[in-house]
Every structure is written in C-alpha cells, then in structure tokens.
Amino acid sequence: MIRYGLLGFGHHCEKRLVPAFTGARASVLSGLWRRDLHKAAANGRDYSIEHVFETTEELCASPQIEAVFVTSPDALHLPHVLLALANGKPVLCEKPLGMSAGEVEQMLAAAEAAGQRLGVAQNMRYDKSLDVMRDWIVEGRIGRPLLAHSQFCYSAEGSPREWIYDPALACGGPIGDVGIHCIDALRYVLDSRVAAVNTIARADEKSAPLEAYAAIGLDFTSGAMGSVTVSTRGAYRSLIEVTGETGTISSEYGLTVDTDVDVVLWKAGKAQDRVTVSNAHCYTLMLDSFSDWVQGRGEFRATAADGLHNQRVLDAAYASWRTGSRQAIPSA
C-alpha cells in the first residue's frame, strides 16, 4: 500500500477522494494538510486520517507519507508539486496541472531531476463509459471519426469551492475547471492530440474577469474536428459523443460518476447497440493505477508529460478568447 498525503482538503476531497481511498487495494490515505488548521484537525478526526500536518513542509518531509496528492487551488499547484518532489516524493496533482504551460514545464524538469513519478488526476480516463467509446472506435464501429463533442455544465451558485472564481487562485472559469476534463476525454477516446483551438466565451457580473460559459472549437491531429461547451450557470449535464463516417456513439451524462451511464451506438437514426456501465470507481482505479506506476507495475493513463499538452491547449483556448483568433498548439 502506498501511503498518501493530501496537500489541500476541501469539498472535492470529502465527496470524492476519501471514498475512493476507502475502496483502494494499493493506496491508503495517511495524512493531510489544509490552510485552515482547525478544519484540518476536524477532517482528521471525522475521516480517521492518522496524520494531520501543520505545514506543507512537514507533510512532504514525513517518512509516514510515500506519495503526495496535490489537491490545493490551481495557483498553489506549482509550489506544492516542487516541494513534494524536492522531498523525494512521487506526486499526483489535480487538474489543471498549473496556471500555464510554463509552470508545468518547471514541474516536469523537477520530476526528472528528482527521479520521481508525476501524474495528473484526470480521473475520467478511468471511466468505463470512455473505455467503451474508445474500444468501439478502435473496432471501427463508426468508421473514421469526423466530429466529436463534449459538454459539461453545472451551477456554481453556492459552491463550497469559494476560490473557483478568484483569478488569483483559479486557472480560469469553467474552461479550466471542467473544460479540461472534456478536452481530455475527447483526446482519450479519439487517441489524439489537439492541433489548434478557437474560443468564444462570456463573463458575467459574478465571474468577471473569468468566463462563466464558453464554446471551444478543436482541430485534432487525427483529422477529426470537435467542440467543447461548458458553463457554471446551467443545470448539471455531462455529454460526450463522437460521429464517424458510418455512425455515432453517444453517452448522455457520460462523464458522471453518480449514476449508471448508457453508451449508445447509433446508425441511420436507430440505436444498434447499448451498454450500461458505472463510472463510480474511476477515482479508486486512478489512485491504484498511480500507485502501481510508482512501484514499477503498469502504466498510468495521465502522465504529467501528457498533461503538458492539455495545459498548452488551455493556454491557447484563453489566448483565443482574448485575441479572437485561432491559436495553434505547439507540437513539442
């Protein structure tokens, strides 16, 4: 069992990560740090987490911690990742990895110098729904993929994550928060990188200067074209679909972990195949995959080297919004 320490402990940790560790076979939650020490102590008691650390330095230096999971706000990812690596710990970091591709490049250089693993918590790469879509595409069931779309909407009103519209802490609005999941999910099912992006977005009085909703056009290196639509002002929805030369694969709420998910193959307006799967264990699968990778067993699906490409796509998406022009993604 790899003993993890969490740098940051908020709503996401309580709702998703603590239950994920409970079901893990190779990963155990051993320690935590959060900025509010009183809340940290209460979290330790409530969830039977053995070690509660007063500082990030104490957690990263502790022999009781074998891997660090960075779950702090986006702007803290770089210093927290670098601190963990400097203490010889492998690091799993929440998405987006940083505030810019330059920050991710610093992380990768530090990981190489330390000889440690660095991964990004793209948990949806462990969704059963995406595995089905990816397999069906590889099997040729829709022919050559031509168009792909993913949408993620939710209401940020009253969100316990109070920092998500603070430009000093957040990489962006819904593009950086959930758009990164949509982009990565499309990349995963298409097995492709992104060559260029075009973005239109709108801020409102509560989100400004960050966006409240947006649409991103994606030109994939595979030849497919795609779009991502996101909002923090709508009712919850998470859709993913791919249309090929001979059919379409769609999954309404395909990125959710809270209910069973249908993946449907459509041809000529009729459902030709349908499977129902659960994504409920994706966080646990991600944790154990990272633990195995740290111990030299298997491959992790979301390495930081691959995450650098996603960060470049985010940078380009925001640059496109600011300039109103198409932005090419650096290939290296």
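The structure presented is a predicted model; accordingly, all values stated were derived computationally and were not measured. (Residues numbered from 1 in each chain as written. Predicted model: local features only at pLDDT ≥ 70, side-chain atom pairs only at ≥ 80, totals over all residues. Heavy atoms only, no water.)

1. Here we look at the packing of helix α1 (residues 11–22) against helix α8 (residues 282–294)
(1) Moving on: Where α1 meets α8, the closest approach of the two axes is 8 Å, and the angle between their N-to-C directions is 65°. In the crossing of α1 with α8, the sense of the turn from one axis to the other is right-handed. For the pair α1 and α8, contact is made by His 12, Arg 16, Leu 17, Ala 20 and Phe 21 and by Tyr 283, Thr 284 and Leu 287, respectively.
(2) Moving on: Its residues assigned to classes, the contact of α1 with α8 shows five nonpolar, two polar and one charged. (Axes fitted to C-alpha atoms, helices over the stretch in contact; angles between N-to-C directions. Helix = DSSP H or I, 4+ residues; strand = E, 2+ residues; numbered from the N terminus. Left-handed = near helix turned anticlockwise from the far one by under 90°. Contact = heavy atoms within 4.5 Å. Nonpolar A, V, L, I, M, F, W, Y, C, P; charged D, E, K, R; others polar.)

2. Regarding the sheet that holds strand β5 (residues 91–93)
(1) Moving on: Pairing in this open sheet of six strands is parallel, and the strands run β3-β2-β1-β4-β5-β6 from one edge to the other. Of all strands in the sheet, those with a lone pairing partner are β3 (51–52) and β6 (118–120), marking the two edges.
(2) Moving on: Strand direction decides the pairing type here: strand β1 (residues 2–7) and strand β2 (residues 27–33), joined by six bridges, are parallel. When the sheet's bridge partners are listed, Tyr 4 is paired in β2 with Leu 29.
(3) Moving on: Helix α4 (residues 77–86) contacts β1, β2, β4 (67–70), β5 and β6 of the sheet and is inclined by roughly 170° relative to β5. (Pairing = 2+ DSSP bridges.)

3. Some details on a nonpolar patch on the surface
(1) Moving on: A cluster of nonpolar side chains, contributed by Leu 146, Leu 147 and Met 225, occupies part of the molecular surface with about 270 Å² of accessible area.
(2) Moving on: Along the polypeptide, Leu 147 turns up in strand β7 (residues 145–155). (Patch = residues over 30% accessible without salt bridge, like charges linked within 9 Å, V, L, I, M, F, W, Y side chains within 5 Å. Areas by Shrake-Rupley, 256 points an atom, 1.4 Å probe, with all protein chains shown as cover. Salt bridge = Lys/Arg side-chain N within 4 Å of Asp/Glu carboxyl O.)

4. Section: the packing of aromatic side chains
(1) Moving on: The final tally for this structure, using the stated rule, is nine aromatic pairs.
(2) Moving on: Consider the rings of Phe 152 and Tyr 154, whose centres lie 6.5 Å apart with planes at 85°: the pair is edge-to-face. In terms of burial, Phe 152 and Tyr 154 fall into one category: buried.
(3) Moving on: Taken together, the ring pairs in this structure connect Tyr 126, Phe 290, Trp 293 and Phe 300 into an aromatic cluster.
(4) Moving on: Directly above the ring of Trp 136 sits Arg 141, whose terminal nitrogen or CZ lies 4.8 Å from the centroid. (Phe/Tyr/Trp six-rings, centres within 6.5 Å; stacked < 30°, edge-to-face > 60°. Buried < 20%, exposed > 50% of the residue type's maximum accessible area, 1.4 Å probe, protein only. Lys NZ or Arg CZ within 6 Å of the ring centre and 35° of its normal.)

5. Quick look at the side chain of Ser 192
(1) Moving on: Looking at the secondary structure, you find Ser 192 in the loop between α7 (174–190) and β8 (194–202).
(2) Moving on: We classify Ser 192 as buried; its relative accessible area is 7%.
(3) Moving on: A polar side-chain atom of Ser 192 sits 3.1 Å from the main-chain amide nitrogen of Ser 222.
(4) Moving on: Not counting the four nearest positions on each side in its chain, Ser 192 is found in contact with Arg 187, Phe 220, Thr 221 and Ser 222. (Polar contact = N/O pair within 3.5 Å; in protein donor to acceptor, adjacent residues only side chain to side chain.)

6. Focus on the environment of Arg 202
(1) Moving on: Here Arg 202 lies in strand β8.
(2) Moving on: Separated by 119 residues in sequence, Arg 202 and Trp 321 have C-alpha atoms that sit 9.1 Å apart.

7. Section: the nonpolar core
The nonpolar side chains of a soluble globular protein tend to be buried with one another.
(1) Moving on: Ranked by internal contacts, the top residues of the largest apolar core, which has 53 residues, are Leu 130, Val 189, Val 197 and Leu 218.
(2) Moving on: Examining the composition of this core, we find that ten residues originate from one element, α7, more than from any other.
(3) Moving on: Beyond its immediate stretch of four places on either side in the chain, Val 197 contacts Ile 216, Gly 217, Leu 218, Val 313, Ala 316, Ala 317, Ser 320, Ser 325, Arg 326, Gln 327 and Ile 329.
(4) Moving on: Core analysis: the second largest hydrophobic core is formed by 51 residues, Val 91, Ala 101, Val 120 and Leu 308 among them. (Core = buried A, V, L, I, M, F, W, Y, C linked by side-chain atoms within 4.5 Å.)

8. Considerations on the pairing of strand β13 (residues 261–267)
Two faces belong to every sheet, and in a regular strand the side chains alternate between them.
(1) Moving on: Here three bridges tie strand β12 (residues 248–251) to β13, and the two strands are oriented antiparallel to one another. Considered in β13, the bridge of Ser 250 is made with Val 264.
(2) Moving on: Bridge count for β13 against strand β14 (residues 270–277) is seven bridges, and the pairing is antiparallel. In the sheet register, Leu 265 faces β14, and the bridge partner there is Asp 273.
(3) Moving on: With antiparallel pairing between neighbouring strands as the criterion, β13 and β14 make up a hairpin whose turn holds two residues, including Ala 268 at a positive phi of roughly 55°.

9. So, the sheet that holds β12
Each strand in a sheet pairs with another by means of backbone hydrogen bonds, the pair being arranged parallel or else antiparallel.
(1) Moving on: Strand order in the open sheet formed by nine strands is β14-β13-β12-β11-β7-β10-β9-β8-β15, and the pairing between neighbours is mixed. Every other strand in the sheet has two partners, leaving β14 and β15 (327–328) as the edge strands with one partner each.
(2) Moving on: Relative to strand β11 (residues 233–244), β7 runs antiparallel, the two sharing nine bridges. Looking at β11, one finds that Ser 150 is bridged to Ile 240.
(3) Moving on: Contacting β7, β11, β12, β13 and β14, helix α6 (residues 128–138) runs over the sheet at an angle of about 20° to β13.
(4) Moving on: Along the sheet, helix α9 (residues 304–323) makes contact with β8, β9 (213–220) and β15, crossing β8 at roughly 45°.

All quantities given are derived from atomic positions and should not be read as evidence of function.
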